[in-house]
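An overview of the molecular structure
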Amino acid sequence: LAEAIKSDIAGIKNAARYHSERYVLLRDDKVLSKEVAFADSEIFDMFTLPLISGSLETFADDKIALITEQASKVYFTDQNPVGEILSIVDDQGVSHGFLIAGVLEDQPQNSSLKFDIIINFNNYYSLNEVERNDWTRLIAASFIQVDGAKSSRDIEQLMDDYVAVQNEARPDWKVADYYLTPLAS
């Protein structure tokens, strides 16, 4: 939804998809189930996710990952993980290596964004064998940042066009409407 909104509706400053699932993460003899987040790079323009080391510059690359401080300690102990490889094992048992580009502070307990590793959203399609424009799969959230000139109500009305698309794709999961919830005032 976020991708369609950004390309179709004027007045959107940023749009980011966000979804997380548990996957097996693998490094040497450390094999653990961890929370993997998929997100568009705009997430870093919209939310405060402090970077301890490394860089966010290459996050748009599909083979780049950022990990939390806690995950860094689990997989790399006291070693700086930037430049190291951490693998995600998909449901078919295929291992996908990701270059660690940075370490993020752990999220606060009250955060809605919970993950151990975050990778570019494009990886959601390949790891889950999903087509890019497949509206049958539901993701956790689409975040949009509005350019102050357009009202939230105007954007919500324009988003009504996507209700029919979603309902046709998932007749078993009907959507009545889409709405915006302000995260800051």
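Quick summary incoming for the structure in this document. (Residues numbered from 1 in each chain as written. Predicted model: local features only at pLDDT ≥ 70, side-chain atom pairs only at ≥ 80, totals over all residues. Heavy atoms only, no water.)

**Thoughts on the pairing of strand β5 (residues 85-89)**
Defined as follows: For every residue, the accessible area (1.4 Å probe, protein chains only) is compared with the maximum for its type, and the residue is labelled buried under 20%, exposed over 50%, or partly exposed between those bounds. Each helix corresponds to a stretch of at least 4 residues labelled H or I by DSSP, and each strand to a stretch of at least 2 residues labelled E; elements are numbered beginning at the N terminus. Strands were regarded as paired on the criterion that DSSP finds at least two bridges between them.
Among the five residues in β5, four count as buried, and that is most of the element. Of the pairings in the sheet, the one linking strand β1 (residues 12-27) to β5 comprises three bridges and is antiparallel in character. Paired with V24 across the two strands is V89, which belongs to β5. Counted between consecutive antiparallel strands, the loop separating β5 from strand β6 (residues 95-104) contains five residues, among which G93 sits at a positive phi close to 85 degrees.

**Overview of the nonpolar core**
Threshold: To form a nonpolar core, buried Ala, Val, Leu, Ile, Met, Phe, Trp, Tyr and Cys residues must be joined to one another through side-chain atoms within 4.5 Å. In what follows, a contact means two residues having at least one pair of non-hydrogen atoms within 4.5 Å.
Counting residues in hydrophobic clusters, the biggest one holds 21 residues, and the most contacted among them are V36, F38, I67, I88, I117 and I119. Mapped onto this core, the elements with two or more residues apiece are β1, β2 (30-39), β4 (64-68), α3 (69-76), β5, β6, β7 (117-120) and α4 (122-128). With residues up to four places along the chain from it excluded, the contact list for I88 reads Y23, V24, L25, V36, V94, S95, H96, F98, I117, I119 and L127. If you look at the next biggest cluster of nonpolar residues, it comprises 17 residues, including I43, I118, A141 and F143.

**Looking at the packing of helix α5 (residues 152-159) against helix α6 (residues 161-169)**
To be explicit about the condition: Interaxial angles span 0 to 180 degrees and are taken between N-to-C directions of axes, which are lines fitted to C-alpha atoms, for helices over the stretch in contact. Should an angle fall under 35 degrees it is called roughly parallel, over 145 degrees roughly antiparallel, and 65 to 115 degrees roughly perpendicular, with every other angle called oblique. Polar here means any residue other than Ala, Val, Leu, Ile, Met, Phe, Trp, Tyr, Cys and Pro, which are nonpolar, and Asp, Glu, Lys and Arg, which are charged; Gly is therefore polar.
Relative orientation of the contacting elements α5 and α6 amounts to 40 degrees, with a least axis distance of 4 Å. When the axis of α5 is compared with that of α6, the two are oblique. Here Q157, L158 and M159 of α5 come into contact with α6, specifically with D161, Y162 and V163. For the contact of α5 with α6, a count of residues per class yields four nonpolar, one polar and one charged.

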